[in-house]
Amino acid sequence: MGYSASSSGCILGLNNSKIYGETLCSVMGRRNWRCLAVWGNVSFDVEKQMKMVMRKVDLRSDTVTKPTEAMRAAMATAEVDDDVLGHDPTAYLLETEMAKIMGKEEALFVPSGTMANLICVLTHCEIRGSEVILGDRSHIHVYENGGISTIGGVHPKTLKNNEDGTMDIDLIEAEIRDPNSQFYPTTRLICLENSHALSGGRCLTAEYTDAVGKLAKKHGIKLHIDGARIFNASQALGVPVKRLVQASDTVTACFSKGLGAPVGTIIAGPKAFIQKARVLRKTLGGGMRQIGVLCAAALVALDENVAKLETDHKNARTLAEGLKRIKGLKVDLASVETNIVFFDILEDSDTTADDLIKNLEEHGVYAMADGPFRVRFVTHHQISEKDVKYTISCVEKALCSHHTENGKLLIDLKPAQAVAAAIA
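Just so we're clear, the structure is a prediction, and the values are computed from it rather than from any experiment.

Student: So what's going on with the pairing of strand 15 (residues 340-345)? Which residues, and what values?
Tutor: Of all six residues that make up strand 15, five are buried, and the element is covered over most of its length. Taken together, the five bridges between strand 15 and strand 18 (residues 374-378) define a ladder with antiparallel strand orientation. The residue bridging isoleucine 340 from the neighbouring strand is valine 378, located in strand 18.

Following this line, the structure appears as structure tokens:
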């Protein structure tokens, strides 16, 4: 069946539901034009149809969620005060609740996870030139701009992260410096990450953390847990957060990832530590005034979204299983314990991560590359089961439906999908 779309003299020609690439690009480049599409004897407004069929599935991270109506309402009506001069009442309520959840004496609200980890490392390592042992693929080491060194003068000693996010305990002990040596920095801290993002959201067990904590105490050093997604780990393991972080001296937890609040991370630890952390928060520019507006959303997140993490994990599993069935992809299902899915594009698939991501964006699906042939999806409470199925379908089409004919790129699409792609 023939097809044409007329737009101010421009004709888009299709043959057997295939869009010629050059023509597609010319139409996509004129987003302000309106097209009247004709399929057989049926006419319809392409732009109108496009708005109806296009959807946005943002899987770049669980940080992309929008505040819920309940969060916005709580923010609008939050009781507030100057938290630098005293205590904001809503912030105090959140900090008190989080200290209980974490099983620590006190807690402190800070703007971001990066600042939270920086404050913890610098407070534990007050003497410049101190050393911290952490994983080579930990968030602190890879994604936090080298702040512990740049700002705190703390030396990172990295150990290999295993596939499950752990570090071998015997290797940790082997790297603890002799405190009496004049040649080496002094080891003052060990950092773990739970769940471990670059391992695919793998969870550290309470037993593993206990063993690291025991080792730290043996050598008189501290243990910090980057728990940005600690609630994901808790849900996946079926173990309370308090138990997972019991062996740690300090822990952080992010509200703006899986919990879906717009801003904020908590630090929990001993009272004396939190007092020092509060001073350092001010030094780093993190002392905020009426922060109850932000903490109110975090309280709603705790009340409403922790229970939704189970669905996020199920959706991630469904997504991983669907991707594994697609020819040209490699997916390690064992690594999908929480809400993060990594997959590799086989090199003989003749496409790259960037190519795939660009193709998916044309269909409203957003992802992140983790290398030339590696892609990451992250589910969250604003991703539905239908979104997951749609994403799998889009990935499959991107990898399986592209081929060349007479030097022109062709994309196999159904009529309605062709219309959507032409105006996307």
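Student: Quick rundown of the environment of isoleucine 267? Include the residues and the values.
Tutor: By the element assignment, isoleucine 267 lies in strand 13 (residues 265-269). For the pair isoleucine 267 and methionine 102, spaced 165 residues apart in sequence, the C-alpha separation works out to 9.5 Å. Here isoleucine 267 is in contact with Glu106, Ala107, Leu108, Val110, Ala116, Ile119, Cys120, Val251, Thr252, Phe273 and Ile274, once residues within four sequence places are set aside.

Student: Tell me about the sheet that holds strand 15, and please be specific about residues and values.
Tutor: One open sheet accounts for four strands, arranged 14-15-18-17; its pairing is antiparallel. Each edge of the open sheet is held by one strand with a lone partner, namely strand 14 (329-330) and strand 17 (368-369). Sheet analysis places strand 17 next to strand 18, joined by two bridges and oriented antiparallel. What sits directly across from alanine 369, in strand 18, is valine 375. Together, strand 14, strand 15 and strand 18 form the strand contacts of helix 14 (residues 309-324), whose direction differs from that of strand 15 by roughly 10 degrees.

Student: I'd like a rundown of the pattern of salt bridges, residues and numbers included.
Tutor: In this structure the tally under the stated criterion is 16 salt bridges. A salt bridge links arginine 177 to glutamate 131, with the shortest nitrogen-to-oxygen separation between them at 2.8 Å. On the criterion of sequence distance, the pair formed by arginine 177 in the loop between helix 8 (169-174) and strand 10 (187-193) and glutamate 131 in strand 8 (residues 131-135) is long-range, its members being 46 residues apart. Residues glutamate 173 and lysine 218 are paired through a salt bridge, measuring 2.8 Å at the closest nitrogen-oxygen approach. With glutamate 173 in helix 8 and lysine 218 in helix 9 (residues 206-218), this pair connects stretches of sequence that are 45 residues apart. Taking the relative accessible area as the measure of exposure, glutamate 173 reaches 28% and is therefore partly exposed. Several salt bridges share partner residues, and in doing so they unite Asp344, Asp370 and Arg374 into one network.

Student: Describe the sheet that holds strand 13, listing the residues and the values that go with them.
Tutor: Here we have seven strands laid out as an open sheet, ordered 7-13-12-11-10-8-9, and mixed in their pairing. Looking along the sheet, the strands with just one partner apiece sit at the ends: strand 7 (106-110) and strand 9 (155-159). Sheet twist, expressed as the average angle between the axes of neighbouring strands with direction ignored, equals 20 degrees. In this sheet, strand 10 lies alongside strand 8 in parallel orientation, the contact comprising three bridges. Residue pairing for strand 10: glutamate 131 is matched across the bridge by threonine 187. Across the sheet, helix 9 lies against strand 10 and strand 11 (222-227), angled at about 150 degrees from strand 11, the strand it touches most.

Thresholds, definitions, all that
Residues numbered from 1 in each chain as written. Predicted model: local features only at pLDDT ≥ 70, side-chain atom pairs only at ≥ 80, totals over all residues. Heavy atoms only, no water. Buried < 20%, exposed > 50% of the residue type's maximum accessible area, 1.4 Å probe, protein only. Helix = DSSP H or I, 4+ residues; strand = E, 2+ residues; numbered from the N terminus. Pairing = 2+ DSSP bridges. Contact = heavy atoms within 4.5 Å. Axes fitted to C-alpha atoms, helices over the stretch in contact; angles between N-to-C directions. Salt bridge = Lys/Arg side-chain N within 4 Å of Asp/Glu carboxyl O.

Scope: geometric values only; no functional claims are made or implied.
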